[in-house]
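# Structural overview
Single-letter residue listing:
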Amino acid sequence: NVEFFNNPARFLDPYHFRVTFECIAPLKDDLEWKLIYVSSPGNEELDQELDDCLVGPVPVGVNSFEFEGLAPDPAKIPTEDVLGVAALILTGSYRDQEFVRVGYYQNTEYDNEDMKATPPEKIQFDRLVRDISTKLRVTRFQIKWFVLFFMFVI
């Protein structure tokens, strides 16, 4: 479960949310979480990793942590991709293997009706607001959680 604390928010505000998950076996290594902003789906080079964090050790049971990620860098977003829909992706990995990807749509628009109807030529980022959709897409991946080592003595 992902609970956003500041949605909707100003476009330039950091993302702040809580991730809650259940662990069915103790993990000795940390989980790595990344927050990625996708402004141009056809061009991965423009994806921005907003932040990442390590969580661990992870005990059996329900666990949660708060995550705060920076807003996207406006200079790295093509002007034609600023307004409208973008994607926000949260990934979880263990031992460099991605096991979950949670995707959200984010709509970005101006904060008043006049600017929505007639957007200024130059984007005014301080006047933009974002709204993250509550409809999400979760993709889970099979990974090798544990590796067993056997030693044979002859």
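The structure contained in this document is the topic of the report that follows. Computed from a predicted structure; not experimentally measured.

### Description of the pairing of strand β3 (residues 15–23)
The side chains of a regular strand alternate, first on one face of the sheet and then on the other. In β3, alternate side chains face the same way, and those of Tyr 15, Phe 17, Val 19, Phe 21 and Cys 23 are buried while those of His 16, Arg 18, Thr 20 and Glu 22 on the opposite face are not. Both β3 and strand β6 (residues 61–69) contribute to a ladder of nine bridges, which runs antiparallel. Looking at the pairing, Val 19 lines up with Phe 65 of β6.

### Considering the sheet that holds β6
Picture the strands of a sheet paired through backbone hydrogen bonds; they go either parallel or antiparallel. With antiparallel pairing, three strands are arranged side by side in an open sheet as β1-β3-β6. Each edge of the open sheet is held by one strand with a lone partner, namely β1 (2–4) and β6. Recorded for the sheet is a direction-independent mean angle of 20 degrees between the axes of neighbouring strands. The pairing of β1 with β3 spans three bridges and is classified as antiparallel. Looking at the pairing, Val 2 lines up with Val 19 of β3.

### Let's talk about the sheet that holds strand β9 (residues 128–140)
With respect to topology, six strands assemble into an open sheet ordered β2-β9-β8-β7-β4-β5, the strand pairing being antiparallel. Sheet topology places β2 (9–10) and β5 (48–55) at the edges, where each strand pairs with a single neighbour. Bridge count for β2 against β9 is two bridges, and the pairing is antiparallel. Paired with Arg 10 across the two strands is Val 129, which belongs to β9.

### Some details on the side chain of Arg 130
Residue placement: Arg 130 occurs in strand β9. For the buried Arg 130, no salt bridge is present, and the opposite-charge side chain at shortest range is Asp 13, 5.8 Å distant. A polar contact is formed between the side chain of Arg 130 and the backbone oxygen of Phe 11, at a distance of 3.4 Å. Beyond its immediate sequence surroundings of up to four residues, Arg 130 is in contact with Asn 6, Asn 7, Pro 8, Ala 9, Arg 10, Phe 11, Asp 13, Pro 14, Tyr 15, Gln 106, Asn 107 and Thr 108.

### Comments concerning the nonpolar core
With 35 residues, the main nonpolar core has Tyr 15, Phe 17, Val 19, Leu 31, Trp 33 and Leu 88 as its most contacted residues. Contributions of two or more residues to this core are made by β1, β3, β4 (31–38), β5, β6, β7 (84–94), β8 (97–110) and β9.

### Some thoughts on the environment of Lys 144
Checked against the element boundaries, Lys 144 lands in the segment after β9. Sequence separation of Lys 144 and Gln 97 is 47 residues, and the distance between their C-alpha atoms is 8.0 Å.

### Quick word on the state of the cysteines
Tallied over the full model, the rule gives zero disulfides. Cysteine Cys 23 remains unbridged, with the sulfur of Cys 53 as its closest cysteine sulfur at 15 Å. Note on Cys 53: relative accessible area 22%, which makes it partly exposed.

### Comments concerning unusual backbone geometry
That bond from Asn 7 to Pro 8 is cis: its omega, -5 degrees, falls within 30 degrees of zero. If you trace the backbone, Pro 8 turns up in the loop between β1 and β2. A cis geometry characterises the amide bond from Gly 56 onward to Pro 57, with omega recorded as -5 degrees. Locating Pro 57 in the fold gives a position in the loop between β5 and β6. Despite not being glycine, Arg 95 shows a phi value in the positive range, around 50 degrees. Among the secondary structure elements, Arg 95 is positioned in the loop between β7 and β8. A residue is classified by how much of its surface remains accessible, and Arg 95, at 32% relative accessible area, is partly exposed. Even without glycine at this site, Asp 96 takes up a positive phi of about 65 degrees. Tracing the sequence through the fold places Asp 96 in the loop between β7 and β8.

Conventions and cut-offs
- Residues numbered from 1 in each chain as written.
- Predicted model: local features only at pLDDT ≥ 70, side-chain atom pairs only at ≥ 80, totals over all residues.
- Heavy atoms only, no water.
- Buried < 20%, exposed > 50% of the residue type's maximum accessible area, 1.4 Å probe, protein only.
- Helix = DSSP H or I, 4+ residues; strand = E, 2+ residues; numbered from the N terminus.
- Pairing = 2+ DSSP bridges.
- Axes fitted to C-alpha atoms, helices over the stretch in contact; angles between N-to-C directions.
- Lys, Arg positive; Asp, Glu negative; His and termini not counted.
- Salt bridge = Lys/Arg side-chain N within 4 Å of Asp/Glu carboxyl O.
- Polar contact = N/O pair within 3.5 Å; in protein donor to acceptor, adjacent residues only side chain to side chain.
- Contact = heavy atoms within 4.5 Å.
- Core = buried A, V, L, I, M, F, W, Y, C linked by side-chain atoms within 4.5 Å.
- Disulfide = S-S within 2.5 Å.

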